[in-house]
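Listed here are the chains, written in short residue letters.
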Amino acid sequence: MSDVLSEEEIAALFAQSNAEGGGVATDGSIGNELSDQEIDTIGEVANISMGTAATTLFSLVNKKVDISTPVVSLACWNDIVDEYEKPCVLIKISYTKGLNGSNVLVLSEHDVKVITDLMMGGDGTNLDGELGEIHLSAISEAMNQMMGSSATSLSTMLNMMVDISPPSSDLIDLHESGDGSEIDDFLKETFVKITFKLQIGDLVDSFLMQLYPIPLVKEMCSSVISNMEDDSESTVNDEAFAEEPAPAPAPEPAAAPQPAPQPAPQAAPPPMGAAPMPDMQMQQMAMPQQQVNVQPAQFQPFAGTYPTALQPENIDLIMDVPLEVTVELGRTHKSIQEILDFAPGTILELNKIAGEPIDVLVNGKYVAKGEVVVIEESFGIRITEIMK
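Student: Please set out the pairing of strand β3 (residues 71-75) residue by residue, giving values where relevant.
Tutor: Judged by how many residues are buried, β3 sits mostly within the fold: 4 of 5 residues are covered. Examined bridge by bridge, β3 and strand β8 (residues 191-200) share 5 bridges and lie antiparallel to one another. Paired with V71 across the two strands is T195, which belongs to β8.

Right under this line is the structure:
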């Protein structure tokens, strides 16, 4: 399944929504800031964008992901604080091309733990401990891919190139966050809140919120509506052009009289008692024979001398190419859980025995072995064996 919708698919979704009376719910408090057409438009834009993002998330967590029809409303920061009592994760996505502004995604702490555990190969039930940098880094990467595919769908809907910057994630205690300005300045004022129901297999059944500044919503709606009107006019013009009767063809000029064909020369009748000749033989006899100059093919003899030895290559041309030399003390394998348990003082046992030669690699390829030496205040290695 493709992560990007074509223009025909997007237009079909808009048409289906309008035919069904609109697929966007509102809470009745948004009419003073946005028109009904803008409400329907931003709802459908969010629905299509999140549908694309859900497909991307499915590929990351390998679980069925369902993001339901959005609910569009106006909100302020206190409304968000009242809805989320526990600490939650806010992901800021800024637009770098095509659109001016940013939006913020709000996910619960539990949902972030489930998503990141699935991304790291778990079954989504390892939710012990607090959210750390590894969780925030993983959810940022997930949102980067999800919103990247969403931006591609926006590019099709807005008929312009839309790109985003890498998202930034923060674990926020909303009751201690003030007015939200530390996340983005538009959260200090009234903004558009789009709420989705998020389901991931049987592990997540909660809500995902996307917050937009009102000017950005109006900019997006204006572009989408303008593109839809242009497409409609183009369709009407094409239909009108197709319905116009084709012009009558101009009468052809009278053909000039052609001279009567001369009768072909008749072959002489065969002599009495001879069998009649086939038509092909008759035609060959009637056609004059052409003289063809035929000469035997001539080829150069395979003679010549070959060099007995190749010329030496000019290796001086690559003498200045830098190579990366790595000295490897040893290796080991650890699970993600064991790596998460690392702390100052942790000892790792390597696959080398004390006193065993150290491997020397050039651009990742083993070339030599050696022993560790100390040169003044630095470590070095003395080559003891060249690998063949």
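Student: Describe the sheet that holds strand β11 (residues 358-362), naming the residues involved and giving the relevant values.
Tutor: In space, the 4 strands of this open sheet follow the order β10-β11-β12-β13, with antiparallel pairing throughout. Strands with a single pairing partner mark the edges of an open sheet, and in this sheet they are β10 (325-328) and β13 (378-386). Sheet twist, expressed as the average angle between the axes of neighbouring strands with direction ignored, equals 40°. Here strand β12 (residues 365-375) runs beside β13; their pairing, made up of 8 bridges, is antiparallel. Residue pairing across strands places I375 opposite S378, the latter belonging to β13.

Student: Could you give an account of a negative patch on the surface, with specific residues and numbers?
Tutor: A surface patch of negative charge is lined by D170, D179, E182, D185 and E189. Structurally, D170 is set in strand β7 (residues 168-172). According to the relative accessible area criterion, D170 is partly exposed, its value standing at 35%.

Student: Give a description of the packing of helix α2 (residues 36-61) against helix α5 (residues 133-158) that names residues and reports values.
Tutor: Here α2 crosses α5 at 140°, and the two axes come no closer than 8 Å. Considering the angle they form, α2 stands oblique to α5. The interaxial crossing formed by α2 with α5 has right-handed handedness. Across the interface between the two elements, V45, I48, S49, M50, T52, A53, T56, L57 and L60 of α2 pack against A142, Q145, M146, M147, S149, S150, S153, L154 and M157 of α5. The class makeup of the residues in the contact of α2 with α5 is 11 nonpolar, 7 polar and no charged.

Student: Can you tell me about a nonpolar patch on the surface, naming the residues and giving the values?
Tutor: A grouping of L329, I339, F342, L348 and L350 is seen on the molecular surface, where their side chains present a nonpolar patch of about 430 Å² in accessible area. Tracing the backbone through its elements, the reader meets L348 in the loop between α8 (336-340) and β11.

Student: Account for the pairing of β11, with residues named and values stated.
Tutor: Extensive coverage of β11 is indicated by the burial of 4 of its 5 residues. Alignment of β10 against β11, held across 4 bridges, turns out to be antiparallel. By the bridge assignment, E328 is partnered in β11 with D359. Pairing of β11 with β12 involves 5 bridges; the strand directions are antiparallel. Looking at β12, one finds that V362 is bridged to K365.

What counts as what
- In this convention, every chain numbers its residues from 1, walking through the sequence in written order.
- Confidence filtering applies because this is a predicted model: local features only for residues at pLDDT of at least 70, side-chain atom pairs given and counted only at 80 or more, and all residues used for totals across whole chains, interfaces and linings.
- Neither water nor hydrogens contribute to the side-chain values; these are computed over all heavy atoms in the structure.
- Classification of residues uses two cut-offs on accessible area relative to the type maximum, computed with a 1.4 Å probe and protein chains only: under 20% is buried, over 50% is exposed, and between them is partly exposed.
- Secondary structure elements follow DSSP: runs of H or I of four or more residues count as helices, runs of E of two or more count as strands, with numbering from the N terminus.
- Strands pair, by our definition, only if DSSP identifies at least two bridges between them.
- Axes here refer to lines fitted to C-alpha atoms; in helices the fit is confined to the stretch in contact. Angles between the N-to-C directions go from 0 to 180 degrees.
- What makes a patch is a set of residues exposed beyond 30% relative accessible area and free of salt bridges, joined within 9 Å when like-charged and within 5 Å when nonpolar (Val, Leu, Ile, Met, Phe, Trp, Tyr).
- Residue-level accessible areas treat just the shown protein chains as cover; the underlying method is Shrake-Rupley with a 1.4 Å probe.
- One side-chain nitrogen of Lys or Arg within 4 Å of one carboxyl oxygen of Asp or Glu is enough to make a salt bridge.
- The convention is simple: Lys and Arg are positive, Asp and Glu are negative, and His and the chain ends are not counted.
- Charged side chains are reduced to one point each, which is NZ for Lys, CZ for Arg, CG for Asp and CD for Glu.
- Angular relationships are summarised with four words: roughly parallel below 35 degrees, roughly antiparallel beyond 145, roughly perpendicular across 65 to 115, and oblique for the angles in between.
- Handedness of a crossing follows from how the near helix is turned relative to the far one, being left-handed for an anticlockwise turn of less than a right angle and right-handed for a clockwise one.
- Here, residues are in contact when the closest pair of their heavy atoms is within 4.5 Å.
- Gly is placed with the polar residues, together with every amino acid not listed as nonpolar (Ala, Val, Leu, Ile, Met, Phe, Trp, Tyr, Cys and Pro) or charged (Asp, Glu, Lys and Arg).

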